[in-house]
Amino acid sequence: MASNHEDRICVGVIAGAHGVRGGVKVKSYTEIPEDVAAFGPVTDDAGNRLKITVTGQAKGTVLTRIEGVKDRDRAQEMRGTKLYVNRDLLPKLTEDDEYYYSDLVGLKVENAQGVALGTVKGVFDFGAGDILEFVSDSGQSEMVSFTESSVPVVDIEGQRIVVDMPDVVLGRED
């Protein structure tokens, strides 16, 4: 039975096939990339359990085998599949300023003056660093580099994030 979505943390996503015998490349979101399968049972979006074995690394991905995936076509079909583990199996956060990216989804986004800009949709890594995506109150998707200078405040307890980006980017050019 699948657990509640809030009880799971995405630890990676299948990036595609590797080889012809069902190997799979995984973009890992864990601090140590090879730990993508180290915290316990891994499930997909539907809650299906996947038995994953890490076999190596290549070009920013973790090479894995997934039980039951025997050929390249099946491995390629799995591209884009998100991999989750139950939150309670992950290491406990020890610092006040530590959080999982999934904890940011739904937080209010505001500028340094406290003006509401929208709501966090997600944090992504497209290869050049983390990107924070939020949806403005008008429904427009906005993206900002998720760095300390662009996102100086992450206030989990206060349910808000402060972003520092030029007004021209936000469509507020005078």
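Please read all numbers here as calculations on a predicted model, not as lab measurements.

Structural notes on the nonpolar core
Move 1: Core analysis: the largest hydrophobic core is formed by 20 residues, its most contacted members being Ile14, Ile66, Leu83 and Leu90.
Move 2: For this core, the secondary structure elements donating two or more residues are strand 1 (8–18), strand 2 (23–28), strand 6 (61–66) and strand 7 (82–86).
Move 3: For this core, the element with the highest residue contribution is strand 1, accounting for four residues.
Move 4: Not counting the four nearest positions on each side in its chain, Ile66 is found in contact with Ile14, Val24, Leu50, Lys51, Ile52 and Met78.

Things to note about the confidence of the model for the chain
For residues with low pLDDT, the predicted coordinates do not support detailed interpretation.
Move 1: Across the chain, pLDDT averages 86, with 90% of residues at or above 70.
Move 2: Per-element mean pLDDT across the chain ranges from 87 in strand 9 (residues 116–125) up to 96 in helix 1 (residues 72–77).

Comments concerning the sheet that holds strand 13 (residues 160–162)
Move 1: One open sheet holds the six strands; their spatial order is 11-10-9-8-13-12, and the pairing between them is mixed. The open sheet terminates on both sides in strands that have one partner only, identified here as strand 11 (141–145) and strand 12 (153–155). If you compare each strand with its neighbour and ignore which way they point, the axes differ by 35° on average.
Move 2: Bridge count between strand 10 (residues 130–136) and strand 11: five bridges; the pairing is antiparallel. Within strand 11, the residue paired with Leu132 across the bridge is Val144.

Looking at the packing of aromatic side chains
For any pair of aromatic rings, geometry is given as the distance between the ring centres together with the angle between the planes.
Move 1: The tally for this structure, following the rule as stated, stands at one aromatic pair.
Move 2: Pairing Tyr101 with Phe146 gives two aromatic rings, centres 5.5 Å apart and planes at 70°, and the pair type is edge-to-face. Pair noted here: Tyr101 is in the loop between strand 7 and strand 8 (108–110) and Phe146 is in the loop between strand 11 and strand 12, with a separation of 45 residues, a long-range link.

Section: the layout of surface pockets
It is the rolling of a water-molecule-sized probe over the atoms that shows where space remains empty.
Move 1: Of the volumes computed, that of the largest pocket is approximately 1300 Å³.
Move 2: Elements with a contribution of two residues or more to the lining of the largest pocket: strand 1, strand 2, strand 7 and strand 9.
Move 3: Across the lining of the largest pocket, the residue classes break down as 18 nonpolar, six polar and 14 charged.

How each quantity is defined
- Residues numbered from 1 in each chain as written.
- Predicted model: local features only at pLDDT ≥ 70, side-chain atom pairs only at ≥ 80, totals over all residues.
- Heavy atoms only, no water.
- Core = buried A, V, L, I, M, F, W, Y, C linked by side-chain atoms within 4.5 Å.
- Buried < 20%, exposed > 50% of the residue type's maximum accessible area, 1.4 Å probe, protein only.
- Helix = DSSP H or I, 4+ residues; strand = E, 2+ residues; numbered from the N terminus.
- Contact = heavy atoms within 4.5 Å.
- pLDDT = per-residue confidence, 0-100.
- Pairing = 2+ DSSP bridges.
- Axes fitted to C-alpha atoms, helices over the stretch in contact; angles between N-to-C directions.
- Phe/Tyr/Trp six-rings, centres within 6.5 Å; stacked < 30°, edge-to-face > 60°.
- 1 Å grid on protein atoms, 1.4 Å probe; cavity = no way out; pocket = protein on both sides within 12 Å on 5 of 7 lines; lining within 4 Å.
- Points joined across faces, edges and corners; volume = space filled by probe spheres on them.
- Nonpolar A, V, L, I, M, F, W, Y, C, P; charged D, E, K, R; others polar.

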